[in-house]
Amino acid sequence: MSLSDDQRLAMYTPQEIGKAIKKRRRELKITQKEFAKRLDKSERTIQKYESGEIIIKTGIIKQIADELDIPWQELLEAKTELKDTMEDNSHDYSFHTLSDVIKALFTITKIKDITFQLACSKPPESSDWTSSLMVDGKGNGSYNADFCLFMENWMNKLTALQNGTISEEQFESWQNETLEYYSESYFSDATPDENVNDSEKCQKNKKKISTIEII
């Protein structure tokens, strides 16, 4: 007796299904934001699909497979594991001298979607001698508010770690989840070939998206 579609789907865990969806979506260079629009879902729902937080019904799997231009059975059979986000980015940064840090700061402040402001105070005007990069959450940068929300969350997690409220493992897990959450938040001013799928390249109005990498 052949298996029904529901029985076949039950052979896979939500995590396996999510990884298969993510792998195929990235192969086609489709962002989570675009994919959410195609499926008439929220971007957060797509993130939950791909992380295995949601048990996806057979009808939805078939709809997803259609959008990814692949038979749904073939989609589920994809076994290639995606590397952890933290591992993927573990070699992007190398800081051995103060020059390396300054170079990184020069690169960061070139980002157009986050408007950084330099601040410095020292005696005699101030009793403190401090320097900082500031971001106005109400500023013009398209990611200013997101950056400020991230910083607030980061400070809260660091406080919880220092107080022993969360463990090192929980803190590392939060870091990985945060990197994954923002991995589709592309900047607006770079090479389209790296981040735009083939169908978008055929459109007259191409949307440029990419990331700025600190090396």
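Refer to the structure above for everything that follows.
What comes next is a walk through the structure. (Residues numbered from 1 in each chain as written. Predicted model: local features only at pLDDT ≥ 70, side-chain atom pairs only at ≥ 80, totals over all residues. Heavy atoms only, no water.)

## Concerning the packing of helix H3 (residues 32-39) against helix H4 (residues 43-51)
Closest axis-to-axis distance for the H3/H4 pair is 8 Å, and the angle between their directions is 105 degrees. In terms of orientation, H3 lies roughly perpendicular with respect to H4. The segment H3 lies against H4, with Gln32, Lys33, Phe35, Ala36 and Leu39 engaging Glu43, Ile46, Gln47 and Glu50. When grouped by side-chain class, the residues that make up the contact of H3 with H4 number four nonpolar, two polar and three charged. (Axes fitted to C-alpha atoms, helices over the stretch in contact; angles between N-to-C directions. Helix = DSSP H or I, 4+ residues; strand = E, 2+ residues; numbered from the N terminus. Parallel < 35°, antiparallel > 145°, perpendicular 65-115°, else oblique. Contact = heavy atoms within 4.5 Å. Nonpolar A, V, L, I, M, F, W, Y, C, P; charged D, E, K, R; others polar.)

## A word on H4
Residues that lie three or four places apart on an α-helix share one face, since the helix turns once every 3.6 residues. All of the buried residues along H4 are Thr45, Ile46, Gln47, Tyr49 and Glu50. Those residues of H4 that are buried lie in contact with helix H2 (14-27), H3, helix H5 (58-67) and helix H10 (168-181). The first or second residue beyond H4 is Gly52, which carries a positive phi of 85 degrees. (Buried < 20%, exposed > 50% of the residue type's maximum accessible area, 1.4 Å probe, protein only.)

## Some details on the nonpolar core
Counting 20 residues, the largest nonpolar core has Ile17, Ile21, Phe35, Ile64, Leu68 and Leu75 as its most contacted members. When residues of this core are traced back to their parent elements, those giving at least two are H2, H3, H4, H5 and helix H6 (72-76). Contacts of Leu75, omitting those with residues within four sequence positions, involve Ala20, Ile21, Arg24, Ile64, Ala65, Leu68 and Ile70. Grouped together as the second largest cluster of nonpolar side chains are six residues, Ile111, Phe116, Val135 and Tyr143 included. (Core = buried A, V, L, I, M, F, W, Y, C linked by side-chain atoms within 4.5 Å.)

## Side note on H2
Given a rise of 1.5 Å per residue, 14 residues ought to cover 20 Å, and the 20 Å separating the end C-alpha atoms of H2 matches this to within 8%. Among all positions in H2, only Ile17, Gly18, Ala20, Ile21, Lys22, Lys23, Arg24 and Arg25 are buried. Tucked inside the fold, the buried residues of H2 contact helix H1 (5-9), H3, H4, H5, H6 and H10. (Expected span 1.5 Å × (residues − 1).)

## Description of unusual backbone geometry
In the segment running from Pro123 into Pro124, the intervening peptide bond is cis, with an omega of 5 degrees. When you line up the elements, Pro124 lands in the loop between strand E1 (116-121) and strand E2 (130-135). Look at Asp40: it is not a glycine, yet its phi comes out positive at around 60 degrees. Here Asp40 is to be found in the loop between H3 and H4.

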